[in-house]
Amino acid sequence: MGVVEKISGFAGKTFTLWVILFAVIAYILPNQFIWIGDYIVPLLGIVMFGMGLTLSAADFKEVFRRPKEVALGVAGHFIIMPLLAFGLAIGFDLPKEVAVGVILVGCCPSGTASNVMVFLARGNVALAVAIASVSTILAPIVTPLLILLLASKWVNISIGSLFFSIIQVVIIPLILGFLVKKFFGKQAEAGAKALPLVSVISIVLIVSAVVAGSQDQLAKTGLLIFAVVVLHNVLGFLLGFFFARLCGMDLAKQKAVAMEVGMQNSGLGVAIATAHFSPLAAVPSAIFSVWHNISGSVLAYIFSLMKDKKNVGTDKNNSIKTDAS
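The protein goes by Sodium Bile acid symporter,family protein in an unreviewed UniProt entry, where it is assigned to Peribacillus simplex. Its UniProt record, at the heading Subcellular location (unreviewed entry), says of the protein: "Membrane".

Asker: Looking at this structure, I do not really get the pattern of salt bridges. What am I missing?
Answerer: Where charged atoms of side chains with opposite charge meet at close range, the side chains can pair. This structure, assessed with the given rule, holds three salt bridges. Here Glu69 makes a salt bridge to Arg66, at a shortest N to O gap of 3.6 Å. Exposure remark for Glu69: the relative accessible area of 18% places this residue in the buried category. The partner of Lys253 in a salt bridge is Glu69, and the shortest N-O contact between them spans 3.0 Å. Taken as a pair, Lys253 in helix α13 (residues 251-262) and Glu69 in helix α5 (residues 67-91) lie far apart in primary sequence, 184 residues in all. Grouping residues by exposure puts Lys253 and Glu69 together as buried.

Asker: I tried to follow the packing of aromatic side chains on my own but got confused; where do I start?
Answerer: What describes a pair of aromatic rings is the distance from one ring centre to the other and the angle between the planes of the rings. Applying the stated rule across the entire model yields six aromatic pairs. A centroid spacing of 5.4 Å and a plane angle of 90° characterise the contact between Phe241 and Phe242, whose relative ring orientation is edge-to-face. With a relative accessible area of 46%, Phe242 lands in the partly exposed category. Each residue in the set Phe241, Phe242 and Phe303 is aromatic and connected to the rest through ring pairs, giving one cluster. One Lys or Arg, Lys153, reaches over the ring of Trp154 and ends 5.7 Å from the middle of that ring.

Asker: Would you explain the environment of Leu21 in this entry?
Answerer: With respect to the element layout, Leu21 can be found in helix α2 (residues 15-28). Expressed as a C-alpha distance, the spacing of Leu21 and Val204, which sit 183 residues apart in the sequence, is 9.1 Å.

Asker: It is not clear to me how the environment of Leu251 should be interpreted in this structure. Could you clarify?
Answerer: For Leu251, the position within the fold is in helix α13. Owing to a relative accessible area of 13%, Leu251 belongs among the buried residues under this scheme. Spatially, the C-alpha atom of Leu251 lies 7.6 Å from that of Gly123, the residues being 128 residues apart in sequence.

Asker: Whenever I open this one, the nonpolar core confuses me. Can you help?
Answerer: One recurring pattern in soluble globular proteins is that nonpolar side chains are buried together. Ranked by internal contacts, the top residues of the largest apolar core, which has 99 residues, are Leu44, Met259 and Leu268. Every residue in contact with Met259, bar those within four places of it in the chain, is listed here: Ser114, Met117, Val118, Ala121, Phe237, Gly296, Leu299, Ala300 and Phe303.

Asker: Explain the packing of helix α9 (residues 159-183) against helix α14 (residues 266-276) here, please?
Answerer: What describes two packed helices is the angle between their axes and the distance between those same axes. At a minimum axis separation of 11 Å, α9 and α14 run at an interaxial angle of 130°. On the basis of their axis angle, the class for α9 and α14 is oblique. When you trace α9 past α14, the crossing you get is right-handed. On α14, the residues that touch Ser161, Leu162, Ser165, Ile166, Val169 and Val170 of α9 are Leu268, Ile272 and His276. A breakdown of the residues in the contact of α9 with α14 according to their chemical character gives six nonpolar, three polar and no charged.

Cut-offs applied
- Residues numbered from 1 in each chain as written.
- Predicted model: local features only at pLDDT ≥ 70, side-chain atom pairs only at ≥ 80, totals over all residues.
- Heavy atoms only, no water.
- UniProt positions renumbered as here; feature names shortened; annotations may be inferred.
- Salt bridge = Lys/Arg side-chain N within 4 Å of Asp/Glu carboxyl O.
- Buried < 20%, exposed > 50% of the residue type's maximum accessible area, 1.4 Å probe, protein only.
- Helix = DSSP H or I, 4+ residues; strand = E, 2+ residues; numbered from the N terminus.
- Phe/Tyr/Trp six-rings, centres within 6.5 Å; stacked < 30°, edge-to-face > 60°.
- Lys NZ or Arg CZ within 6 Å of the ring centre and 35° of its normal.
- Core = buried A, V, L, I, M, F, W, Y, C linked by side-chain atoms within 4.5 Å.
- Contact = heavy atoms within 4.5 Å.
- Axes fitted to C-alpha atoms, helices over the stretch in contact; angles between N-to-C directions.
- Parallel < 35°, antiparallel > 145°, perpendicular 65-115°, else oblique.
- Left-handed = near helix turned anticlockwise from the far one by under 90°.
- Nonpolar A, V, L, I, M, F, W, Y, C, P; charged D, E, K, R; others polar.

Pasting the structure below:
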């Protein structure tokens, strides 16, 4: 198991490199990867099952210790990113499928990779974990409603089918993983050591499938989508940070909220787009999956240099969940 753990750790640290490499290969040789598109939903289910294996009841203590701050973080996430997505879609006059894809990723819950970034940024990890967990649990209700509200300008939305899709690919695997950890603790702990490797392989396959399935459209709109994704993510970080400051949070919590607002469960966006819309609608989520790990790492370094006078929450309850989405 030691070898698997070392390989898994290496894969987690070099995740972005593998995603970029295989995305380029899939763009050059689409026929070799396009078949993976049929397996995007189960692949994301595997990632969410892995997240469930890392969850514990202790992760929700922060919800009861600081309900106001957790609620503000979740509200900030589900207000700032969807509205930014809608504004960018209108402002750039994006093609229909691209606009829907940008809004999809904006309406997704927080990605668990953000917890790692908050740790590296010397932010309040306990608050970050609580915000990510609560936003994920609320996703089956909040995400379809937001998509209906913001994307119906471009396409017809079936809120019922979106609800059941999110239950299928997020909540059920998450609960199964949580139950396996609860009743088979030792086995789950051993299996969790391979989670970064499993998550990296799954996300690499998902991104490769999206790139292969939308190669022609990418050639026409790839640079535009990349520019919009970068703006969406960076503005999310900035607005999240100043939103937390406006709410009177200390610096460590401002870092946590900034990361939780700006980083998305982009794998869910890919799954929803593939199942309900089109391969091109999945591209913004796929690009976001790569980009927010790069930008998050840079921001974490910048945040780590910022002095927190109160020194609150940087070392307490630093329970890190790792996943590449």
